[in-house]
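Survey of secondary and tertiary structure
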Amino acid sequence: MAIGIDKLDFYIPNFYVSMDDLAKAREVDPNKFKIGIGQTKMAVNPVSQDIISMGINAAQDILSEQDKKDINMVIVATESGIDHSKAASVEIHNQLNIQPFARCIEMKEACYSATAAIQLAKDFLSNNPGKKVLVIASDIARYGLNSGGEPTQGAGAVALLLSHNPRILELNDDSVAYTNNVYDFWRPTSEKYPVVDGALSKDAYIESFNTVWNEYSKRTGYTVNDFESFCFHVPFTKMGEKAFKTILNENVEDSIKNRLMDAYQESVLWNRDVGNIYTGSLYLSLISLLQNHTFQPEEKVCLFSYGSGAVGEIFSGSIVKGYDKALDKEKHLNMLESREQLSVEEYETFFNRFDNQEFDFERELTQDPYSKVYLYSIEDHIRT
Ligand code: HMG
């Protein structure tokens, strides 16, 4: 029974700051950000876009009335939760008018949890023919002004509709997950910003990838050449590239290395211009790949999901014939290209207003045709 991604979409806030400008303001060589880290632009979210509104904005255009009747579960994957109790998916379910007899939950394990949500959805669907599951990955990555992690911030949401007979990517039964307790990056509930050991986090990412890839290739018998391309969790584009190169070693022919590295660059084109969106990063990369690479039906994509703390997972999907017709290519390109550039001073103002939850609708609600929903107020802890 084929189960997988039937529809997908994303939402990125309407504002960004360029890495050239940020590097200049922080008195850093711009090549450190552009080449060393591999980022060009960084999405900046206004106070009026929280994980709920971004999640709704990501999902609203892909759901038909029939989908809303068929969806039996809505899972929000996030590490930017806004409530210890109420799941963000409850509000999203309501705003999207999904039929009431559905389960709504929120899942957490750093950037990894959207993958857990997808695997849960796959298991659920294998016992529930005809049903659908909506998975939304929505996050805001903030490390603080002038912090080491500042150039790796970002914000955005990805929506994935999982079903039987999917139109885009069929999920194969080959996933291998790996858990390793490490304090590389975490977000204590008492703290405004993450606690991060940058160097350890890079090592932990690579260690996780190598360990899970070795186990995955042992169990499946696959080598890199069995895949048309790989997709990684992308905290910054250099990170996936560094990890990937560890397995594109001397045992792999140059022509295969070049083919896979070219496809990797296609997979991170949009992450380079958005930054880290945590739970959604791997799936934004998948959309970038699907849209910028030409696949033949049944070709396989290998996906590496990683969440600090740490959980890594590798699984694969097979391309479905006609997948490209299921992508709203023009919308995706326009959304990325029509964003408004902020100066570093404006970005800092946005950043500080976010910390203080001070709305400035006049400045924030510019022409953003992709945001039909935004956060209007928080009164008595109730979000409107
Ligand atoms: P840093 O100390 O500012 O930078 O931290 P660096 O000294 O590590 O330099 C970065 C790279 O730029 C280095 O390359 C330099 O050589 C190079 P590398 O040695 O790594 O190959 N460089 C230059 N290149 C060209 N021209 C120059 C130049 N100067 C230096 N002039 C760091 C960088 C990413 C650690 C920091 O931004 C950070 O802490 N970010 C947040 C943590 C993070 O993203 N970690 C990634 C792995 S963990 C993960 O993916 C999980 C995560 O998404 C969270 C979750 O799961 O929830 C973060």
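Residues numbered from 1 in each chain as written. Predicted model: local features only at pLDDT ≥ 70, side-chain atom pairs only at ≥ 80, totals over all residues.

In the nomenclature of an unreviewed UniProt entry, the protein is known as Hydroxymethylglutaryl-CoA synthase of Mammaliicoccus fleurettii. A UniProt comment under Sequence similarities (unreviewed entry) is attached to the protein, and it reads "Belongs to the thiolase-like superfamily. HMG-CoA synthase family." (UniProt positions renumbered as here; feature names shortened; annotations may be inferred.)

Digging into the overall build of the protein
When helices and strands are counted, the protein shows 14 helices and 17 strands. Taken over C-alpha atoms, the radius of gyration comes to 20 Å for the protein, in line with the 21 Å a tight globule of 384 residues would show. Projected onto its principal axes, the C-alpha positions of the protein cover 55 × 55 × 40 Å. Within the protein, the fraction of its 384 residues that count as buried is 47%. Relative to all contacts within the protein whose residues are 6 or more apart in sequence, the contacts with residues 24 or more apart total 78%. (Helix = DSSP H or I, 4+ residues; strand = E, 2+ residues; numbered from the N terminus. Rg over C-alpha atoms; globule rule 2.2 N^0.38 Å. Buried ≥ 20, exposed ≤ 12 C-beta atoms within 10 Å, placed from the backbone. Contact = placed C-beta atoms within 7 Å.)

Regarding the packing of helix α7 (residues 198–220) against helix α8 (residues 237–247)
In a pair of packed helices, the angle between the axes and the distance between the axes together describe the arrangement. The contact between α7 and α8 brings their axes to 10 Å, and the two run at 40°. It follows that α7 is oblique to α8 by the angle criterion. When you trace α7 past α8, the crossing you get is right-handed. Where α7 approaches α8, its residues Lys202, Tyr205, Ile206, Phe209, Asn210 and Trp213 are matched on the opposing element by Met239, Lys242, Ala243, Thr246 and Ile247. (Axes fitted to C-alpha atoms, helices over the stretch in contact; angles between N-to-C directions. Parallel < 35°, antiparallel > 145°, perpendicular 65-115°, else oblique. Left-handed = near helix turned anticlockwise from the far one by under 90°.)

What about the nonpolar core?
If you look at the biggest cluster of nonpolar residues, it comprises 107 residues, and the most contacted ones within it are Val44, Ile75, Val135, Ile136, Val158, Leu160 and Leu162. When sequence neighbours within four positions are dropped, the list of residues in contact with Val44 reads Pro13, Phe15, Tyr16, Val17, Ala155, Leu342, Tyr347 and Phe350. (Core = buried A, V, L, I, M, F, W, Y, C linked by C-beta atoms within 7 Å.)

Description of the UniProt feature "domain: Hydroxymethylglutaryl-coenzyme A synthase C-terminal" (unreviewed entry) in the protein
Mapped onto this numbering, the UniProt entry gives "domain: Hydroxymethylglutaryl-coenzyme A synthase C-terminal" (unreviewed entry) at residues 177–252 and 263–380. The distance from the first to the last C-alpha atom of residues 263–380 is 49 Å, and the span holds 40% helix and 18% strand.

Observations regarding the site of the ligand
Around the ligand lies a shell of 28 residues, among which Gly36, Ala110, Cys111, Gly198 and Pro235 are the nearest. Elements with a contribution of two residues or more to the shell around the ligand: α2 (30–37), α7 and β13 (300–307). With five residues, α2 is the single largest residue contributor to the shell around the ligand. Here the residues of the shell around the ligand are counted per class, giving 13 nonpolar, eleven polar and four charged. (Near = placed C-beta within 6 Å. Nonpolar A, V, L, I, M, F, W, Y, C, P; charged D, E, K, R; others polar.)

Considerations on the sheet that holds strand β2 (residues 15–18)
With mixed pairing, three strands are arranged side by side in an open sheet as β3-β2-β15. On the outer flanks of this sheet lie β3 (41–44) and β15 (340–341), each paired with one strand and no other. Bridge analysis of β2 against β3 gives four bridges, and the strand direction is antiparallel. Note that in β3 the partner of Val17 across the bridge is Met42. (Pairing = 2+ DSSP bridges.)

Here's the deal with the pairing of β13
Of all eight residues making up β13, seven are buried, and the element is well covered by its neighbours. Pairing between strand β12 (residues 229–232) and β13: four bridges, direction parallel. Paired with Ser229 across the bridge in β13 is Val301. Across eight bridges, β13 lies against strand β14 (residues 311–319) in antiparallel orientation. Bridging from a neighbouring strand, Gly307 pairs with Val311 of β14.

Details of the packing of helix α3 (residues 51–59) against helix α5 (residues 88–95)
Relative orientation of the contacting elements α3 and α5 amounts to 40°, with a least axis distance of 9 Å. Taken together, α3 and α5 sit at an angle that is classed as oblique. Every pair of crossing elements has a handedness; the one defined by α3 and α5 is right-handed. Across from Ile51, Ile52, Gly55 and Ile56 in α3, the residues of α5 making contact are Ala88, Glu91, Ile92 and Gln95.

Let's talk about the environment of Leu200
Inspection of the secondary structure puts Leu200 in helix α7. Take Leu200: there are 15 C-beta atoms within 10 Å of it, and that puts it in the partly exposed class. Sequence spacing of Leu200 and Tyr183 is 17 residues, and the spatial spacing of their C-alpha atoms is 8.4 Å.

With respect to helix α13 (residues 344–356)
Taking 1.5 Å as the rise per residue, α13 with 13 residues should run 18 Å; its terminal C-alpha atoms sit 18 Å apart, in good agreement. Taken from the residues just after α13, Gln357 is the one with a positive phi, measuring 50°. (Expected span 1.5 Å × (residues − 1).)

Structural notes on the environment of Leu8
With respect to the helices and strands, Leu8 occurs in strand β1 (residues 3–11). The exposure class assigned to Leu8 is buried, which follows from the 27 C-beta atoms found within 10 Å. The spacing of Leu8 and Val373 is 365 residues in sequence and 18 Å in space, taken between C-alpha atoms. The residues contacting Leu8, other than those within four sequence positions of it, are Val158, Ala159, Leu160, Ile168 and Ile287.

As for the pairing of strand β4 (residues 71–77)
The two faces of the sheet receive side chains in turn, since in a regular strand these alternate between them. Where burial is concerned, most of β4 is hidden: six out of the seven residues are buried. As judged from the six bridges shared by β4 and strand β6 (residues 132–141), these two strands associate in the parallel manner. Its bridge partner lying in β6, Met73 is registered against Val133. Pairing geometry for β4 and strand β5 (residues 103–107), over five bridges, is parallel. Looking across to β5, one finds that Val74 is bridged to Cys104. For the crossover from β4 across α5 to β5, the handedness is right-handed. (Right-handed = clockwise from strand over helix to strand, strands pointing away.)

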